[in-house]
Amino acid sequence: MTAPQATPTSVHPDGKAEVIDDFDAIAGRYDLLTRMNPGYLQHLRWSAERLRLAPGARILDLCCGTGLSTRALMATYPDAQEITGLDASAGMIRFAMDTLTPGTPRPRGLARLTTLPAPKTRANVRFVVGDAMDPAAAGATGPFDGILMAYGIRNVPNADHCLAALLPLLAPGAPICFHEYSVADSKVAKAVWNAVSLSVIAPLGIAATRNVRMWNYLRESVNRMDGVSAFERRLAAHGFTDIETLPMSGWQRGIVHSFIARRPRS
Ligand SMILES: C[S@@+](CC[C@H](N)C(=O)[O-])C[C@H]1O[C@@H](n2cnc3c(N)ncnc32)[C@H](O)[C@@H]1O
């Protein structure tokens with residue numbers, strides 16, 4: 001585990017500074033809220049498994065947040081050589097380190113909100129504060145045998161800029177999984193998403209965090225996200241190959257997807 005700088009500073013990407021500020025502010029409540037979302041952890045596990053990585057892999061967890069997606073990777077790949085979690089929010093990274101590093105003292109107030117047991121596996125995990133638009137600048141230089149980006153690509157200021165930075169971080173032939181909401185291609189998916197978001201996610205989120213802007217942003221950003229076919233075309237335009245989109249279960253079916261793609265072998 002690599003220690004963070006003494007005072008880690010969140011990255012504030014152009015035009016989306018408020019997103020990072022909001023994640024900083026709710027870091028201590030994030031795990032609690034996601035645990036109330038049925039299927040959240042299981043679906044992260046599916047996306048991790050869908051990478052189908054060999055033992056000894058070097059893995060990047062991009063936009064790792066509090067480390068829930070990192071846990072999915074640690075559980076799926078206990079023999080990974082290295083798992084690097086990167087996030088722009090110092091608050092989220094601090095929480096990830098406090099919960100996934102045995103023996104690290106937790107900041108006051110966070111311990112009682114930690115609802116998940118520490119993982120049993122002892123993967124070589126490190127966390128860095130950095131911008132997903134330029135992971136190499138934060139020391140995540142690759143090459144990686146696999147990248148998981150769960151609920152991240154929708155949040156970066158420029159998805160094309162980000163995708164262009166990610167392709168060269170992958171080893172030739174290596175897979176990437178974008179675990180993400182996408183509803184634009186389906187009227188049913190869009191209706192279900194907006195109903196669940198307005199009637200369950202936003203009220204619970206606002207009650208737990210006292211932050212209205214963040215939950216409005218979540219609903220609107222999902223509505224603005226590429227449809228499945230547009231995102232697949234975007235990946236292909238950036239040179240990714242072997243693109244396939246796999247579903248989730250429960251209320252997230254047709255709403256959250258694993259977008260799998262690869263860097264070409266040559
Ligand atoms: C919804 S959380 C997902 C966390 C985790 N992957 C999970 O599945 O639970 C999205 C994360 O993306 C991070 N994020 C947003 N924009 C970012 C950027 N430009 N670079 C790095 N992280 C970013 C936020 O700080 C937040 O922790």
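The preceding data block contains the structure.
Owing to the predicted nature of the structure, the values given are computational and were not obtained by experimental measurement. (Residues numbered from 1 in each chain as written. Predicted model: local features only at pLDDT ≥ 70, side-chain atom pairs only at ≥ 80, totals over all residues.)

With respect to the pairing of strand E4 (residues 146–150)
Okay, step 1: In terms of residue burial, E4 counts as a mostly covered element, since five of its five residues are buried.
Okay, step 2: Residues Gly-146, Leu-148 and Ala-150 point to one face of E4 and Ile-147 and Met-149 to the other, with burial holding for every one of them.
Okay, step 3: Where strand E1 (residues 58–62) lies against E4, four bridges are found, and the strand directions are parallel. Counted as the bridge partner of Leu-62 is Met-149 from E4.
Okay, step 4: When E4 meets strand E5 (residues 175–181), the two strands line up parallel, connected through four bridges. (Buried ≥ 20, exposed ≤ 12 C-beta atoms within 10 Å, placed from the backbone. Helix = DSSP H or I, 4+ residues; strand = E, 2+ residues; numbered from the N terminus. Pairing = 2+ DSSP bridges.)

Brief notes about the site of the ligand
Okay, step 1: In the vicinity of the ligand, 23 residues are found, and the nearest of them are Cys-63, Gly-65, Ala-88, Ser-89 and Ala-132.
Okay, step 2: Broken down by secondary-structure element, the contributors of at least two residues to the shell around the ligand are helix H1 (17–35) and helix H3 (68–76).
Okay, step 3: Broken down by element, the shell around the ligand gets its largest block of residues, three residues, from H1.
Okay, step 4: Split into classes, the residues belonging to the shell around the ligand amount to 16 nonpolar, five polar and two charged. (Near = placed C-beta within 6 Å. Nonpolar A, V, L, I, M, F, W, Y, C, P; charged D, E, K, R; others polar.)

A word on helix H6 (residues 187–209)
Okay, step 1: Ser-197 marks where H6 bends most, by close to 45°.
Okay, step 2: Buried residues of H6: Ala-189, Trp-193, Ser-197 and Gly-205, and no others.
Okay, step 3: Check the buried side of H6 and you find it contacts H1 and helix H7 (212–224).
Okay, step 4: Note on H6: the residue one or two positions beyond its end, Arg-210, has a positive phi of about 60°. (Bend = angle between axes of the 7 residues up to and from the residue. Contact = placed C-beta atoms within 7 Å.)

A closer look at the nonpolar core
Okay, step 1: Counting residues in each nonpolar core, the largest one holds 62 residues, and the members touching the most others are Ile-147, Leu-148 and Met-149.
Okay, step 2: Per-element accounting of this core gives the leading share, seven residues, to helix H4 (residues 90–100).
Okay, step 3: Ignoring anything within four residues of it in the chain, the contact list for Ile-147 reads Leu-60, Leu-62, Leu-166, Leu-169, Leu-170 and Ile-176.
Okay, step 4: Residues Val-183, Trp-193, Ile-255 and Val-256 belong to the second largest nonpolar core, which totals 11 residues. (Core = buried A, V, L, I, M, F, W, Y, C linked by C-beta atoms within 7 Å.)

A short note on the sheet that holds E5
Okay, step 1: Strand order in the open sheet formed by seven strands is E3-E2-E1-E4-E5-E7-E6, and the pairing between neighbours is mixed. A strand with exactly one partner marks an edge of an open sheet, and here the two such strands are strand E3 (125–129) and strand E6 (241–247). Mean inter-strand twist for the sheet, computed between neighbouring axes without regard to direction, equals 15°.
Okay, step 2: The strands that helix H8 (residues 228–237) touches are E6 and strand E7 (256–262); relative to E6, the one it contacts most, it runs at about 155°. (Axes fitted to C-alpha atoms, helices over the stretch in contact; angles between N-to-C directions.)

Everything listed here is a matter of geometry and, on its own, says nothing about what the molecule does.
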